[in-house]
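Structural overview
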Amino acid sequence: MRVLVVDDERLARKELINLLNQNQNIEVLGEAANVDDAKEKIESLQPDVLFLDIQMPEKTGFDLLEELDHVPLVVFITAYDEFALQAFQVNALDYLLKPIEPERLTETLKKLEKKLEELKKEEETSEDTPKSKLSLNDQVFVKDGDKCWFVKLSNVRLFESDGNYIKVYFENNKPMIHKSLNALDERLDEKSFFRASRKHIINLSWVETIEPWFNGGLVVTLKGGERIEVSRRQAARFKDLMSL
């Protein structure tokens, strides 16, 4: 289990790292004191797990997660238990209150081991996805006002451009993220996601029906009920992907 510890308090980082180093199955890749440093290390080291402080100066732990394309498993650590409810709203894997008790950390590590084993099995079934691309098994972090989610990409049926934001369709939610559709399109696995038009990227596994449309285009209806036009230029490629 490859771990990165992110906390602005040096003593808190050292305390947690000492506890983690007592476990033979854990490799602590490093530590970070702020969001910018953490982002750089996450992108270069690719940890399996983040032990992440929520409250940090300038940018919070939530801000860090919003900036990441690929989000590892997350365990929140904080001294403020009023954040506990919010942390569980975002369905983080676990939540540790400072000062961290060794017994509580042991419980968390067991959860992590189980989750990583599940993810490993899922990855083995999709080995043809390039490592640089985001696959259906990856998760993204979405924050909209006071609500936050870790969303598995397999559950996202549609990305819709809205100005400088993207609307993310999953379950009954449509929160906005501050990203461009072009940048997102470059990161998504093209075997699973299709750029239907200038405004839309659809999850191919959510396609329910396909109908001919004007001028050689198509209309795709998703299982969530959305009807998306596929331009004539994209229709031929779409048909190839769907083996029509």
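Keep in mind the model is a prediction, meaning the values are calculated, not measured. Here the residue index of a chain counts from 1 through its sequence in written order. Side-chain atom pairs in this predicted model are given and counted only at pLDDT of 80 or more, local residue features only at pLDDT of at least 70, and totals for whole chains, interfaces and linings cover all residues. Excluding hydrogens and water, the side-chain values take into account all heavy atoms of the structure.

1. Overview of the sheet that holds strand β14 (residues 218–222)
Convention followed: DSSP-based pairing: two strands are paired if at least 2 bridges between them are found. The secondary structure listing takes helices from DSSP runs of H or I that are at least 4 residues long and strands from runs of E that are at least 2 residues long, numbered from the N terminus. Note on method: axes are straight lines fitted to C-alpha atoms, helices fitted across the in-contact stretch only, with angles between N-to-C directions ranging 0 to 180 degrees.
Read from one edge of the open sheet, 3 strands run β13-β14-β15, paired in antiparallel fashion. Sheet topology places β13 (207–212) and β15 (227–230) at the edges, where each strand pairs with a single neighbour. The mean inter-strand angle of the sheet, taken between neighbouring strand axes irrespective of direction, is 25°. By the bridge criterion, 4 bridges tie β14 to β15 in an arrangement that is antiparallel. Across the sheet, the residue bridging to Val 220 is Ile 228, located in β15.

2. Structural notes on the pattern of salt bridges
Definition in use: What makes a salt bridge here is a side-chain nitrogen of Lys or Arg within 4 Å of a carboxyl oxygen of Asp or Glu, nothing more. Classification of residues uses two cut-offs on accessible area relative to the type maximum, computed with a 1.4 Å probe and protein chains only: under 20% is buried, over 50% is exposed, and between them is partly exposed.
Considering all chains together, one arrives at 18 salt bridges under this definition. Two residues, Lys 14 and Glu 31, come together in a salt bridge whose shortest N-O distance is 3.0 Å. Residue Lys 14 is found in helix α1 (residues 10–20), and its partner Glu 31 is found in strand β2 (residues 27–32); the two are separated by 17 residues along the sequence. Given a relative accessible area of 35%, Lys 14 falls into the partly exposed group. One salt bridge in this structure joins Asp 69 and Arg 187, with 3.3 Å as the shortest N-O distance. In this pair, Asp 69 sits in the loop between α3 (61–67) and β4 (73–78) while Arg 187 sits in helix α6 (residues 181–187), placing the two residues 118 residues apart along the sequence.

3. Examining the side chain of Thr 221
The line we're drawing: Two residues form a contact once any of their heavy atoms are found within 4.5 Å.
Tracing the sequence through the fold places Thr 221 in strand β14. Judged by relative accessible area, Thr 221 falls into the buried class, the value being 11%. Once you skip the residues sitting within four places of it in the chain, Thr 221 turns out to touch Trp 206, Val 207, Glu 208, Thr 209, Glu 211, Glu 226 and Arg 227.

4. Structural notes on the environment of Val 220
Relative to the helices and strands, Val 220 resides in strand β14. Of the residues examined, Val 220 reaches a relative accessible area of 0% and is grouped as buried. Taking C-alpha positions, Val 220 is 5.8 Å from Thr 209, a pair spaced 11 residues apart along the chain. With near-sequence residues (within four places) excluded, Val 220 lies in contact with Ile 202, Val 207, Thr 209, Ile 210, Glu 226, Arg 227, Ile 228, Val 230 and Phe 238.

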